[in-house]
Amino acid sequence: LAKTTQPISMDSYEGQEVNITCSHNNIATNDYITWYQQFPSQGPRFIIQGYKTKVTNEVASLFIPADRKSSTLSLPRVSLSDTAVYYCLVGMNAGNNRKLIWGLGTSLAVNP
Amino acid sequence: NAGVTQTPKFQVLKTGQSMTLQCAQDMNHNSMYWYRQDPGMGLRLIYYSASEGTTDKGEVPNGYNVSRLNKREFSLRLESAAPSQTSVYFCASTSTGGQPLNTEAFFGQGTRLTVV
């Protein structure tokens, strides 16, 4: 099972770009990389998912190098409301979640 | 569009009591899951149901039972609650992913359970 390593915490300021890097050295060929966001007292919320290269949506961008052993979630111009825990997951969803391992995530604090 | 709805939001139980956590989704998803989240630990899978009529154990199933009542509903039962089951419980659902397609999971708001 692919495990991930990401920083425990990060600090930023409003308006800055935040990049959170996740390493997943033993990612398998069929594994996808998925990022979730969790606010206190809420369930995780899907942010973005990718397999290789770059993926962008209205919330974030996900950069995946060719070897896929790491990935970087990029949040442009963060605001106070982006303060949350961000989880990087690697695995296949394929109808069940048992192959996904949730780590502790990265606690992002956005300061005024 | 409610998504995934869990009830109750909060519950306090005495050791040995039983209770059922309810979960329902209105997205016509095939797969549903129960997780627990404890301080200092990531989400851990308790049970999952890949489709209506099937259930399987996850990482930490001991002390729990589940029922996939129909496609919409997936309940989690604690037959004899223990203090170690004090946690925040999340229900989630996904559409059938298939390979290599991957899908996002939708989570409920959580149930904060305290066993005293």
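In what follows, the structure referred to is the one given above.
About the thresholds
Residues numbered from 1 in each chain as written. Chains lettered and ligands numbered in written order. Predicted model: local features only at pLDDT ≥ 70, side-chain atom pairs only at ≥ 80, totals over all residues. Heavy atoms only, no water. 1 Å grid on protein atoms, 1.4 Å probe; cavity = no way out; pocket = protein on both sides within 12 Å on 5 of 7 lines; lining within 4 Å. Points joined across faces, edges and corners; volume = space filled by probe spheres on them. Helix = DSSP H or I, 4+ residues; strand = E, 2+ residues; numbered from the N terminus. Nonpolar A, V, L, I, M, F, W, Y, C, P; charged D, E, K, R; others polar. Buried < 20%, exposed > 50% of the residue type's maximum accessible area, 1.4 Å probe, protein only. Contact = heavy atoms within 4.5 Å. Pairing = 2+ DSSP bridges. Axes fitted to C-alpha atoms, helices over the stretch in contact; angles between N-to-C directions. Patch = residues over 30% accessible without salt bridge, like charges linked within 9 Å, V, L, I, M, F, W, Y side chains within 5 Å. Areas by Shrake-Rupley, 256 points an atom, 1.4 Å probe, with all protein chains shown as cover. Salt bridge = Lys/Arg side-chain N within 4 Å of Asp/Glu carboxyl O. Polar contact = N/O pair within 3.5 Å; in protein donor to acceptor, adjacent residues only side chain to side chain.

Novice: Even after reading the chapter, I still don't get the layout of surface pockets, so can you show me in this structure?
Specialist: Empty space left among the atoms is revealed by rolling a probe the size of a water molecule over them. Empty space within the largest pocket amounts to approximately 390 Å³. Lining the largest pocket are 20 residues, with A:Gln38, A:Pro40, A:Ser41, A:Tyr87 and B:Gln37 sitting closest to its centre. Within the residue set of the lining of the largest pocket, elements represented by two or more residues are strand 8 (84–91) of chain A together with strand 9 (87–94) of chain B. By residue number, the principal contributor to the lining of the largest pocket is strand 9 of chain B, which donates three residues. Classifying every residue of the lining of the largest pocket by side-chain character gives ten nonpolar, eight polar and two charged.

Novice: Explain the environment of A:Gly43 to me, please; I cannot follow it from the model alone.
Specialist: Considering the arrangement of structural elements, one finds A:Gly43 in the loop between strand 3 (32–38) and strand 4 (45–50). Residue classification places A:Gly43 among the buried positions, given a relative accessible area of 11%. Apart from the residues within four sequence positions on either side, A:Gly43 is in contact with A:Gln37, A:Gln38, B:Phe90, B:Phe107, B:Gly108 and B:Gln109.

Novice: Even after reading the chapter, I still don't get the environment of A:Gly15, so can you show me in this structure?
Specialist: Residues and elements named next belong to chain A. Counting through the fold element by element, Gly-15 comes out in the loop between strand 1 (9–13) and strand 2 (18–23). For Gly-15, a relative accessible area of 47% gives the class partly exposed. Residues Gly-15 and Ser-79, 64 residues apart in the sequence, show an inter-C-alpha distance of 6.2 Å. In contact with Gly-15, not counting residues within four places along its chain, are Arg-77 and Val-78.

Novice: What exactly am I supposed to notice about the sheet that holds strand 3 (residues 19–25) of chain B here?
Specialist: Backbone hydrogen bonds hold the strands of a sheet together, and the pairing may be parallel or antiparallel. Residues and elements named next belong to chain B. The strand order across the open sheet built from four strands is 1-3-8-7, with neighbouring strands paired in antiparallel fashion. Taken across any chain shown, the strands that pair with only one partner, and hence form the sheet edges, are strand 1 (4–7) and strand 7 (65–68). With strand direction ignored, the average angle separating the axes of adjacent strands in the sheet is 15°. Two elements, strand 7 and strand 8 (residues 74–78), share four bridges in a ladder whose sense is antiparallel. For Ser-67, the partnering residue across the bridge sits in strand 8 and is Ser-75.

Novice: Where do I start with a nonpolar patch on the surface in this structure?
Specialist: A cluster of nonpolar side chains, namely A:Ile8, A:Leu104 and B:Met41, defines an oily patch on the protein surface of about 290 Å² accessible area. By relative accessible area, A:Leu104 is classed as partly exposed at 45%.

Novice: I tried to follow the sheet that holds strand 5 (residues 53–56) of chain A on my own but got confused; where do I start?
Specialist: Residues and elements named next belong to chain A. The strand order 2-7-6-5 describes an open sheet built from four strands, whose pairing is antiparallel. Of all the strands in the sheet, just strand 2 and strand 5 have a single pairing partner and so form its edges. Between one strand and the next, the sheet's axes are offset by a mean angle of 15°, whatever the strand orientation. Pairing of strand 6 (residues 61–64) with strand 7 (residues 70–75), which is carried by three bridges, proceeds in the antiparallel orientation. If you follow Ser-61 over to strand 7, its bridge partner there is Ser-74.

Novice: What am I meant to see in the side chain of A:Ser12 here?
Specialist: Residues and elements named next belong to chain A. As for its position among the elements, Ser-12 is in strand 1. Classification of Ser-12 by relative accessible area gives buried; the value is 3%. Of the polar contacts made by the side chain of Ser-12, one reaches the side chain of Gln-16; its length is 3.1 Å. The contacts of Ser-12, once residues within four sequence positions are left out, are Val-18, Val-78, Leu-108, Ala-109, Val-110 and Asn-111.

Novice: How do you make sense of the pattern of salt bridges when you look at a structure like this?
Specialist: Pairs can form between side chains of opposite charge whenever their charged atoms are close. All names here are of chain B. Summed over all chains, the structure comprises three salt bridges over all chains. Between Arg-44 and Asp-38 there is a salt bridge; the shortest N-O distance is 2.7 Å. For Arg-44, a relative accessible area of 18% corresponds to the buried category. Take Asp-38: its relative accessible area is 10%, and that puts it in the buried class. A salt bridge links Arg-77 to Glu-79; the shortest N-O distance between them is 3.1 Å.

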